Structure formats: structure tokens, C-alpha cells
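Close look at the chain arrangement
These are the residues of each chain, in order.
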Amino acid sequence: MKDKGGGLSRRDMLRGAGVAGAVAGSLASPAQAATAPERREALEALTAAEADVLEAFCARLVPTDASGPGAREARAAHYIDRALAGALASSREAYRSGLTALDDRARAAHGAPFAELAPEVQDALLTETEAKAPAFFALVREHTLQGMFSDPYYGGNADFIGWDLIGYPGVRLAVTVDQQALDPHLKPTHQSGYDFPMFNRAKRAPKPGSDGR
Amino acid sequence: MTVTLKKTDVVIVGLGAAGGVAALPLCRAGLEVIGLEAGGWLGPADYAPDELANNWRGWPFSAQKANHEVPTHRPSAGAPYSPRMAYHPMMNAVGGSSIHYWGQSWRLNPWDFKVVSATTARYGAHRIPKGSTVEDWPFGLEELEPYYDKVEYEVGISGKAGNIAGKLDSAGNVFEGPRSREYPMPPLRGTGYTEMMTAAAKTIGLHPFPGPAAIASVPYEGRPGTAYHGWCDRAGCHINAKSSTAVSTIPKALATKRLQVVTGARVTAVEVDRSGRVTGVTYLKDGEVYFQPAGAVILASYVYENVRLLLLSKSKAFPNGLANNQGQVGRHYMSHNQGAHVTALFPRDINTWYGMPAQGVGVDNWADDNFDHSGLDFIGGGNMWVYSSRRPILTGNMTTFGKTKGWGSEWKAFVMQNADRTNGAYLQKTTLPYEDNRIDLDPVVKDPLGLAVPRITADFKDNEKKIAAFMQDKVIAWYRAAGAIEVERGTLGTMGPTTHCYGGARMGDDPQTNVVDRWGFAHEAPNLAVVGGAVMGTSGSRNPTLTLQALAWRTAQHLADKWSSRTS
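Residues numbered from 1 in each chain as written. Chains lettered and ligands numbered in written order. Predicted model: local features only at pLDDT ≥ 70, side-chain atom pairs only at ≥ 80, totals over all residues.

**Quick look at the overall build of chain A**
To keep things clear, this is the line we draw: Think of it this way: any DSSP run of H or I at least four residues long counts as a helix, any run of E at least two long counts as a strand, and we number them from the N terminus. Counting other C-beta atoms within 10 Å of its own, a residue is labelled buried from 20 upward, exposed at 12 or fewer, and partly exposed in the gap between, with every C-beta atom placed from the backbone. We call two residues in contact whenever the C-beta atoms placed from their backbones are within 7 Å.
Along chain A, the regular secondary structure elements total 9 helices and 0 strands. Counting every position in chain A, which comprises 213 residues, the buried fraction comes to 43%. Long-range contacts, defined here as pairs at least 24 residues apart, represent 63% of the contacts in chain A between residues at least 6 apart.

**Observations concerning the overall build of chain B**
What counts is decided by this rule: Put simply, the radius of gyration uses C-alpha atoms, and a globule should come to 2.2 Å times the residue count raised to 0.38.
Each helix and strand in chain B was counted, giving 12 helices and 22 strands. Rg of the C-alpha trace for chain B: 23 Å, near the compact-globule value of 24 Å for 568 residues, within the 12% margin. Across its three principal directions, the C-alpha atoms of chain B cover 70 × 55 × 50 Å. Expressed as a percentage of the 568 residues in chain B, the buried residues total 58%. Sequence-distant contacts in chain B: of pairs separated by 6 or more residues, those separated by 24 or more amount to 75%.

**Focus: the environment of Ala 484 of chain B**
Residue and element names in this part refer to chain B. Position of Ala 484 relative to the elements: it lies in the loop between helix 10 (462-481) and strand 19 (486-489). Residues Ala 484 and Thr 343, spaced 141 residues apart in sequence, show a C-alpha to C-alpha distance of 9.7 Å. Setting aside residues no more than four positions away along its own chain, Ala 484 makes contact with Ala 344, Leu 345, Phe 346 and Tyr 479.

**Some details on the nonpolar core**
All names here are of chain B. Rule in force here: In these notes, a nonpolar core means any group of buried Ala, Val, Leu, Ile, Met, Phe, Trp, Tyr and Cys residues linked to one another through C-beta atoms within 7 Å.
One finds Ala 22, Val 297, Ile 298 and Val 531 to be the most contacted residues of the largest nonpolar core, which totals 169 residues. Residues within four places of Val 297 in sequence aside, it is in contact with Val 11, Val 13, Val 270, Val 278, Gly 280, Val 281, Asn 527 and Leu 528. In this structure, Tyr 193, Val 361, Tyr 387 and Tyr 426 belong to the second largest nonpolar core, which totals 32 residues.

**Quick notes on the pairing of strand 3 (residues 33-36) of chain B**
Residue and element names in this part refer to chain B. Test applied: The pairing criterion is simple: DSSP has to find at least two bridges between the two strands.
The alternating pattern of strand 3 places Val 33 and Gly 35 on one face and Ile 34 and Leu 36 on the opposite face, and all of these are buried. For strand 2 (residues 8-13) and strand 3, the ladder comprises 4 bridges, and the chain directions are parallel. Within the sheet, the bridge partner assigned to Val 11 lies in strand 3 and is Ile 34. Direction of pairing for strand 3 relative to strand 8 (residues 259-262): parallel, over a ladder of 4 bridges. Along strand 8, the bridge assignment pairs Leu 36 with Val 262.

**So, the sheet that holds strand 4 (residues 72-74) of chain B**
Residues and elements named next belong to chain B. In plain terms, the rule: In this analysis an axis means a line fitted to C-alpha atoms, helices contributing only their contacting stretch, and an angle means the value between N-to-C directions, from 0 to 180 degrees.
Pairing is mixed across the open sheet formed by 3 strands, whose spatial order is 4-18-17. Edge positions in the sheet fall to strand 4 and strand 17 (438-446), since each has one partner strand and no second. For this sheet, the mean inter-axis angle between neighbouring strands, taken without regard to orientation, is 35 degrees. As paired elements, strand 4 and strand 18 (residues 452-457) share 3 bridges and run parallel to each other. Looking at strand 18, one finds that Arg 74 is bridged to Thr 457.

**Remarks on the packing of helix 3 (residues 48-61) of chain A against helix 7 (residues 119-132) of chain A**
Each pair of packed helices can be described by the angle between their axes along with the distance between the axes. Residue and element names in this part refer to chain A. The condition is simple: Orientation categories follow fixed angle ranges, with anything under 35 degrees roughly parallel, anything over 145 roughly antiparallel, 65 to 115 roughly perpendicular, and all other angles oblique. Classification used: nonpolar for Ala, Val, Leu, Ile, Met, Phe, Trp, Tyr, Cys and Pro, charged for Asp, Glu, Lys and Arg, polar for all others including Gly.
Interaxial distance between helix 3 and helix 7 falls to 10 Å at its minimum, and their mutual angle equals 90 degrees. Classified by the interaxial angle, the pair formed by helix 3 and helix 7 is roughly perpendicular. Contacts between helix 3 and helix 7 involve Ala 56, Phe 57 and Arg 60 from the first element and Pro 119, Gln 122, Asp 123 and Leu 126 from the second. Of the residues assigned to the contact of helix 3 with helix 7, the class counts are 4 nonpolar, 1 polar and 2 charged.

**Topic: the pairing of strand 18 of chain B**
All names here are of chain B. Pairing analysis gives 5 bridges linking strand 17 to strand 18, with the strands arranged antiparallel. Bridge pairing links Leu 441 to Pro 454 in strand 18. Linkage of strand 17 to strand 18, two consecutive antiparallel strands, is achieved through a turn of 5 residues, within which Gly 450 is found at a positive phi near 85 degrees.

**Examining the interface of chain A and chain B**
Contact residues are listed per partner, giving 49 residues for chain A and 49 residues for chain B. Listed by contribution, the elements that provide at least two residues to the side of chain A that touches chain B are helix 3, helix 8 (134-149) and helix 9 (161-166) of chain A. Per element, the largest residue contribution to the side of chain A that touches chain B is 5 residues, and it comes from helix 8 of chain A. Among the residues forming the side of chain A that touches chain B, the class breakdown is 25 nonpolar, 12 polar and 12 charged.

**Regarding the sheet that holds strand 15 (residues 382-387) of chain B**
Residue and element names in this part refer to chain B. Read from one edge of the open sheet, 6 strands run 7-14-15-16-13-19, paired in antiparallel fashion. Either end of the sheet is taken by a strand with one partner, and the two such strands are strand 7 (208-210) and strand 19. Direction aside, neighbouring strands of the sheet carry axes that sit 25 degrees apart on average. Pairing geometry for strand 13 (residues 342-345) and strand 16 (residues 422-429), over 4 bridges, is antiparallel. The partner of Leu 345 across the bridge, within strand 16, is Thr 422. In this fold helix 5 (residues 192-203) packs onto strand 7, strand 14 (360-363) and strand 15, with an angle of close to 20 degrees to the strand it touches most, strand 14.

**Concerning the environment of Leu 188 of chain B**
All names here are of chain B. Along the polypeptide, Leu 188 turns up in the loop between strand 6 (167-168) and helix 5. Assessed through the 28 C-beta atoms surrounding it within 10 Å, Leu 188 is described here as buried. Residues Leu 188 and Gly 355, 167 residues apart in the sequence, show an inter-C-alpha distance of 9.8 Å. Leave out the neighbours within four places in its chain, and Leu 188 touches Ser 158, Pro 210, Ala 213, Ile 215, Ser 217, Thr 226, Ala 358 and Gln 359.

**Looking at unusual backbone geometry**
One non-glycine residue, Ala 165 of chain B, adopts positive backbone phi at about 50 degrees. You will see that Lys 257 of chain B, though not glycine, has its phi angle at about 70 degrees, which is positive.

**Examining the packing of helix 6 (residues 92-110) of chain A against helix 7 of chain A**
Residue and element names in this part refer to chain A. Condition: Helix crossings fall into two classes, left-handed where the near helix is turned counterclockwise from the far one by less than a right angle and right-handed where it is turned clockwise.
Interaxial distance between helix 6 and helix 7 falls to 11 Å at its minimum, and their mutual angle equals 125 degrees. Here helix 7 runs oblique to helix 6, going by the angle between their axes. In the crossing of helix 6 with helix 7, the sense of the turn from one axis to the other is right-handed. On helix 7, the residues that touch Leu 102, Arg 105, Ala 106 and His 110 of helix 6 are Val 121, Leu 125 and Thr 129. A breakdown of the residues in the contact of helix 6 with helix 7 according to their chemical character gives 4 nonpolar, 2 polar and 1 charged.

**Things to note about the confidence of the model for chain B**
Keep this limit in mind: By definition, pLDDT measures how confident the predictor is in each residue, and it falls between 0 and 100.
In the predicted model, chain B carries a mean pLDDT of 97, and the fraction of residues at 70 or more is 99%. Two summary scores accompany this predicted model of the complex, namely pTM at 0.93 and ipTM at 0.94.

**Considerations on the environment of Ser 91 of chain A**
Within the secondary structure, Ser 91 of chain A sits in the loop between helix 5 (76-84) and helix 6. It is 29 Å that separates the C-alpha atoms of Ser 91 of chain A and Asp 65 of chain A, two residues lying 26 residues apart in sequence.

**Here we look at the confidence of the model for chain A**
It should be kept in mind that the predicted coordinates are not to be read in detail where pLDDT is low. Counting all residues, the mean pLDDT for chain A is 83, and 76% of those residues have values of 70 or more. Counted against residues more than four places away or in other chains, residues 1-36 of chain A, with its pLDDT under 50, gives 43 contacts.

**Examining helix 11 (residues 545-561) of chain B**
Our working definition: Take the number of residues in a helix, subtract one, and multiply by 1.5 Å to get its expected span.
In this model helix 11 of chain B runs 24 Å from its N-terminal to its C-terminal C-alpha over 17 residues, within 8% of the 24 Å that 1.5 Å per residue would give. Across the 17 residues of helix 11 of chain B, 14 count as buried, placing the element largely inside the fold.

**Some points on helix 4 (residues 141-156) of chain B**
Listed in full, the buried residues belonging to helix 4 of chain B are Leu 141, Leu 144, Tyr 147, Tyr 148, Val 151, Glu 152, Glu 154, Val 155 and Gly 156 of chain B. On its buried face, helix 4 of chain B is in contact with helix 1 (19-28), helix 6 (249-255) and helix 11 of chain B.

See the structure below:
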């Protein structure tokens, strides 16, 4: 079967860019990665303490590492906070109890908040959470992936980091036969679906009850 | 206080895939039709390219009636209930789920109409699975062919014929039954990936073909051809290229001025007189209760709601529910055997980021009775379907084929490497009715109006499980021929609420075992018709919509032709 030629594929180039970005970014120092993130706007559902735990949780699910940015840069936790105030409100209590339990466990076992622990210690606690509270772990994972890969309209996938991570070439409203060929070499469009005028929702928030319950 | 409205000729309950078709022949015949629809009108601006809204938050755009009526499920009487689904598989809107469905628009295989007699003739009666209540349909494919043809042209289907009046064409599906003419539009185009799979199928002796789709491949009746952008999997088409009834048969019926569409109308009961004749329906709209008298009523909701309305409509003449004096309403139920997928991993990117599930390649060599079952321990088979469609959130949830756990740097590296290298095959398989698979009313769970929701008691039996394993082997061979380096088998799943279901008001000549007659009218109430999957007695191994649309056209045409005898 035909495979990639000798040149760098777009994905290889993205990967290369990720390495460069990581050296300049938070991965250079694990200690730095573990500090509380700077908040760009007020929280909508979570308390500050819960948000710190969630931010660190998401950052271990999709880590910022040598391959490039992760959940922290994509602002997956911001997506979740916003969604918990709206479409995912029914999960609000699960987050409160789950995040509190995780932070309590961190303090009991290691004498420090979860967010301030070293990544490998956080990983061990998350592995424990995955085994002992599988429903809560799966909930956070599901929502983190939504925050990574949903349309940036919802507050995650910042700067299209999630879509670039998987090589998704972006929303196009019309696709040619060449763009569906096996080796199309597509440039990412880096547009939200709601950037297209016919879907523009600038003046309306997502409808109440939009989770369909 | 119930407001009694002016009598009309026909009331259609639900203007979706089936009801939206049934309206047209009635209006063209000069009958006055009122279409009661629980949802509202939607349009292109509602169909944003938004995976989160469409695929993860259960289609938010219209009335939320169905989501309050999700059926409960248990595999068998006495077994624990399955966790209740958060969302109903169907939606409420003018056009119904034909707005957001995949649009695969197949005719059934000739065998699907004659499972009992054809199996008995070829292999012996002992090959009908034990406990199955399957019957031959009251007619064969040839009876339905003119109606398939009508719907393909009036709704707008793209495809490639494989059998025109017995003349086979290997560019289409050579296993299909004879059709009178070519599709009105050419098939959806291939992609690099589907062409790769087409070539691989031929290397192992299969007969690949592009499947039929209710999506305009070229401009059709004032609508544009598809733009292939691929956001119509559980969403509508932003340029109206998808041939939902909302943009095809319903506007045509409205143009006759004989269809009145009432949106936001929730039908709660079908009313009958003392003799058992149907007199009309009661519905709720904006907090008011209305009675709409009619000469005939056509129930055109999804299977679950059609059955529920019959069971909820109790009267002196029908103490156990309308048209249920033989206890057949809810019987012969099937959730389509469409789980047990296979996912493959290729050693290269396959660029399936664009396109839609109907843009694919099918293989019918192992479907229905297209192969010899003499040495096998099941009857029926499956359609194999691979297609070009990929969404980002779903990609993030991809399997790692057991190579890494589901998070962390190793997982991230796997996803970055393989995001565009996987493909899932869709295997639709023969499903048969069994004596203990049924729908009734849940004794506990109610909707917000206090009406019982439907309860499914059903499980796949040996025949379905054996087909599933067989079909997985067959599609794995196809994937391997195309160079797949890993494959993973999915699970069969349960017979809980699904997008393809059948039975509950089965069509047949025998009133002891069927709710509706060969024309779709209740044996026990001659001016009440049921359209939709509820009347189908076998599933076939392909999507049901075109078949139930052809049946809906036929039932409506019969009503128009026999108006006086049906309604006097």
C-alpha cells in the first residue's frame, strides 16, 4: 500500500512544533506546570478550590508534554466549568463530591492539595480514582475530551489546540473530491462552526435545556 | 374543557419519515388532511456543524417530547432493567428523524418478505429458529416495487441500480431484487478511502457497490446536490440536500392546499365510538385539549409511540387498548441487530474527516439468503458497510486496541498517531421476531403528563448472535485485505431503544397474529391505519426507512382509492 513519501507530513510538522512549544512552555518545569493557572474570567459553576483540582486533573488526562500542548492549554477545565452552569448542570454535584474527595485524599496521603503535587504523584492518585470511583473518573474524562475536541464556541479547544492535536483539518461547509482523496494535504481552517454567518449565535446563548433533559 | 374542532377527512399523527410521505398521495387524491406534529419547523440555520450539540447532547433543536418518553428496557420478564437511555433515538419536528438520519435508503431483499416459505423450501422448516413468530409478509417485493419507485422519485434518492427488470449491473448491488428503472440521481461519489475498500473487496471476490441515500447527489427538484461537509450525522442539512420529508413530500403536500400542519400538538388518545370505529384524536397544544374528528386516522409516530398510543387508547370496545382485542399490539417486536461492529486500524492516514455515513461502500454477499446456509447454524445474514465520516470528539474517544490506557502521555501519543487511521464497519443483520420479545406499558415510569412510557422486554437470541459473529469474521477479512494491522470486535449490545425497530403492530392477513391487514389498516378498526416500522414483520439487513416510506405511500393510496368502503 502507498504510504507517506519522504517528506515531513503535516502531522509530523505539528508534532515538531509541539516539541518547540513545549520547551518554551510549561513543561520545562514540572513545578511550574503544577502551579495554579491564571484565571482569565470568573468561574461559572465551580468554586476556586474545585477548579484548581479539576484543572490539574484534566492536565494529567491530556498532558502537556514533549508532543505538544494538552488540556491545560486547550482550556478543557474552562469548558467543563461553563457546561456545569448550563447543559451539564445535572453533573454539578458529582464534580463537587468527586473533586473534594480527590483533594482530601491528596492532603491525607501527601500533605498537600492535589494541584500542587508532582505529576507522577497526581497520576498515582488518578489511577486510584479510576479504580475506586470509575463513574466519576469516566465522567471527567468524557467531559475533558469534549473540552479538548468540541467547537471552541463552548469554551474549550482554545486556539484549536485539540483539533490540531488529532490533525482534524477543520470545519468546511463544502468539500471537494480532492479534499476527500487519500493524501489531501489540507490546511486547517481554524474556524468555529459559529464563525459562519448562517449559524452565528453571537446574540443568543445556547438554549435552556439544551442537553435535552 | 375539550375544544371540538371541525371534522376533516384524515388525521395523520406524526409528520416524520412515514407520515410526511403518507400525506402526499392523500392530498393529491383530493382529501383534506390534518398533520399533527409534536415538534416544530426547523431550517438550515438550525443545522450548525456542531458535534457537541448534535451527537453528544441529543439533538437540542426542537420540542423535547420524545426525550420524556424514552422506553425502559429489560432483556426478559423478571430480569433487571437496563440503565435508562438519556435520550430518545428519535426527534420531534416537521420531517421528524428524516431530518437527522443517515439517509441510507434501501429496498429490502426479496428473501426478507418470504423468510418462512423460502427457508422451508431451501433448507427445511426445522431451520426456522425455535420460538420465532416470524411469518411471510402478505405480499412479496414485486407488490411493493411500484411504491419503492414512487418514493425514490418523490423523496429523492441517489444510488446505482444493480438489477433493472432482471438485468444485472455489477456497478450496483447485484443481490437486490428487480427494480423497474434506475435511481433518479447517481450515487454519492466515492472517496479515496471508499475506493481503497472497493478495490480490496474485489480482491477477495466480493461485489462492492455504492449504497442508496436520501441525499441529493446532484441538484434535484430545486434543491442543491450535497456539499459532502459531513455534519449531517444526527443533524440536518444546511443546504437542504438531504431528502427529509420536511423538504420533499411535505412541501409538495402543502402545495396542494389540502394539508394543514399543526405543530406542538401532542396526541394523547385515539377516540372510538361504541361500535369500535375510530372517530378522531385528542391532542394537547399550548395547554388546551382539542378533539379533532376525522374520517380516518393514520398513526405515523415512531414504533414506540405508535404502540403506546394504541395501548393508551382504551375504550369499551377495546378494553386492552385500541385494536388489541387479540393481544397482538406490542408483539413481534424487534430492535435491529446492528451492534457488534468491527473497528480496524490502518498503517496510514485514510482521510475520512469529511463525508457522511451514507457516503460509503456496501457488500451484500453475506446478507439475507444470498449465500448457501446448508452447513451453517443460522438463517439470514448481514450487510457490510464502510464509510467516510469522522468527528473530532468521537475521535478523542477512539479505542487504543488495548495498546495504552485511556489517558496520559502514552494515550495522547497514540491518538496523535492514529486519529485518522481507524475505521468502524457498520453491520446490519437479520433480526427475527420471537414470542417473548415485546413492547407494553411500563407499570411505573410515566411521562410528564402522567402517561405510562413504553417498556421493551426483548433480547437477541441465538440466531442473531450467530449472524453477528459470522459477519464480524467476514468484515475482518475485508479489512485485512485492505491492509488493516489491527481489528477490534464490538459487543452486540442490548435490544433497548434504538433507531431501527420493527413490529408491535405487525401487518398480515391473519387477525389472530397481526394488528393490521395487508394494507396497513387495523383488522379490528377499519378506518385506523398504522404506518412506520411497527407494521414490518421482518427487519432485513439494512436500514428500514425507504421500506416504511413505500408502505406508507401504499397505505395512503389505498385509503384514497377505497375511501368510501374504508370510512363508511
